[in-house]
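Residue-level structural notes
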Amino acid sequence: MTINIQNIKIKQEYYKWLKEVKGKNPATIDKIECSLTKFEEFSNYEDFSKFGKEKALSYKSWLKKSTFRNNPMQISTYCHYLKMLKNFYEWLLMQPGYKSKLSGNDIAYLNTADSESKISQQGRLKKNPSLEYVLKLAGSIKGISEVDMRDRALIAFTVLTGMRDSAIASLPIGCVDIEELEVYQDPKEGVKTKFSKQIMSKIFNFDAKLLKYVIDWVDYLKEKGFKKNEPLFPRSKSTSKGTDLCFEKSNEVEPVFWAGSGRIRHIFKNRSKDAKMEHYNPHSFRKLTAHLALEKCENGEEMAAVSQHFGHEHLATTICSYVNFNSFKLSQILKKVDKRKKKK
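The present account deals with the structure reproduced in this document.

Thresholds applied
Residues numbered from 1 in each chain as written. Predicted model: local features only at pLDDT ≥ 70, side-chain atom pairs only at ≥ 80, totals over all residues. Heavy atoms only, no water. Pairing = 2+ DSSP bridges. Helix = DSSP H or I, 4+ residues; strand = E, 2+ residues; numbered from the N terminus. Axes fitted to C-alpha atoms, helices over the stretch in contact; angles between N-to-C directions. Parallel < 35°, antiparallel > 145°, perpendicular 65-115°, else oblique. Contact = heavy atoms within 4.5 Å. Nonpolar A, V, L, I, M, F, W, Y, C, P; charged D, E, K, R; others polar. Patch = residues over 30% accessible without salt bridge, like charges linked within 9 Å, V, L, I, M, F, W, Y side chains within 5 Å. Areas by Shrake-Rupley, 256 points an atom, 1.4 Å probe, with all protein chains shown as cover. Salt bridge = Lys/Arg side-chain N within 4 Å of Asp/Glu carboxyl O. Lys, Arg positive; Asp, Glu negative; His and termini not counted. Charge placed at Lys NZ, Arg CZ, Asp CG, Glu CD.

Moving on to the sheet that holds strand S4 (residues 182–185). The three strands are arranged S3-S4-S5 in an open sheet whose pairing can be described as antiparallel. Because the sheet does not close on itself, it has two edges, and the strands there are strand S3 (176–177) and strand S5 (199–202).

Structure, rendered in structure tokens:
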């Protein structure tokens, strides 16, 4: 691999601009970095200033035939990579030393076809869990240890609120009003919400048993002496001694936040494996929550409130991104609509 020092310097300037001026988070910048690295692989790390129409067209052809994570390049990834590269070059066009070497018309050749863009924007039909699945999974945890109680309440809380796993992992007890069944996702209190939005959410009563798991867990932590600024779902008590780095083998919990949401995903995976059930990630539970909540709505005002509950600015985001029925469920709903029409 040929290292291009000038490319490295200008990329670092771009990443700094993205963070400080555009407010992009590290995860987004990492994705942009991957897209630029992909382009450099194609160009054999040639200077970014050596760019033209033919290079743009050749790259698009090469990118379509390339791989992503050892799999054929998907059209959505292809479009995202081109968009991120185009954004970079549009920024580069304004930088000293590049203005005279780049052409906005050449950069425009990084655009994708309308049909490709539409395909990339369509969500895939994915199978999501049912409420019956959640009840069975939570009910499969029969133990009475603190970790068992925590995991059972975690599974229940995830579907009853539809919160993102990153927000749940960083949620302090003080942000939960168990009397009103409300959650205040407040970034000022350390809750890691998307785009640092302040969100007021409801703990829905989709099932009395699931709700009881959550209430009992909150009461238990308060009786145990947990403070308002301590985690609702604390990590397992550390059992490390000396150089032993084992942190999650205790049946007790301690008032320490998880470092991230990875442990929550690990719990969901392990608990479904223990129960010999199909595995669904925490975000699929969020989609189930949206479906269950919208199903109960009787008017537009209530639907808008549910959308706001998820931190969405537009109702269309909730409906298009979260209520995506699989083919079987879609068929059932349409048949129901058809029968209702005939009765009239």
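Turning to the packing of helix H13 (residues 300–309) against helix H14 (residues 315–322), a few remarks are in order. Direction vectors running N to C along H13 and H14 enclose 75°, while the axes themselves pass 8 Å from each other. By the angle between their axes, H13 is roughly perpendicular relative to H14. Touching Met-303, Ala-304 and Ser-307 of H13 are Leu-315, Thr-318 and Ile-319, all from H14. Of the residues assigned to the contact of H13 with H14, the class counts are four nonpolar, two polar and no charged.

What follows deals with a negative patch on the surface. Residues Glu-179, Glu-180, Asp-219 and Glu-223 make up a contiguous surface patch of negative charge. Note on placement: Asp-219 falls in helix H10 (residues 208–224).

Here helix H7 (residues 131–139) crosses helix H12 (residues 282–296) at 130°, and the two axes come no closer than 11 Å. Regarding the angle of H7 to H12, the classification is oblique. Residues Leu-131, Tyr-133, Val-134 and Leu-137 of H7 lie in contact with H12, whose contacting residues are Phe-285, Leu-288 and Leu-292. For the contact of H7 with H12, the per-class residue count stands at seven nonpolar, no polar and no charged.

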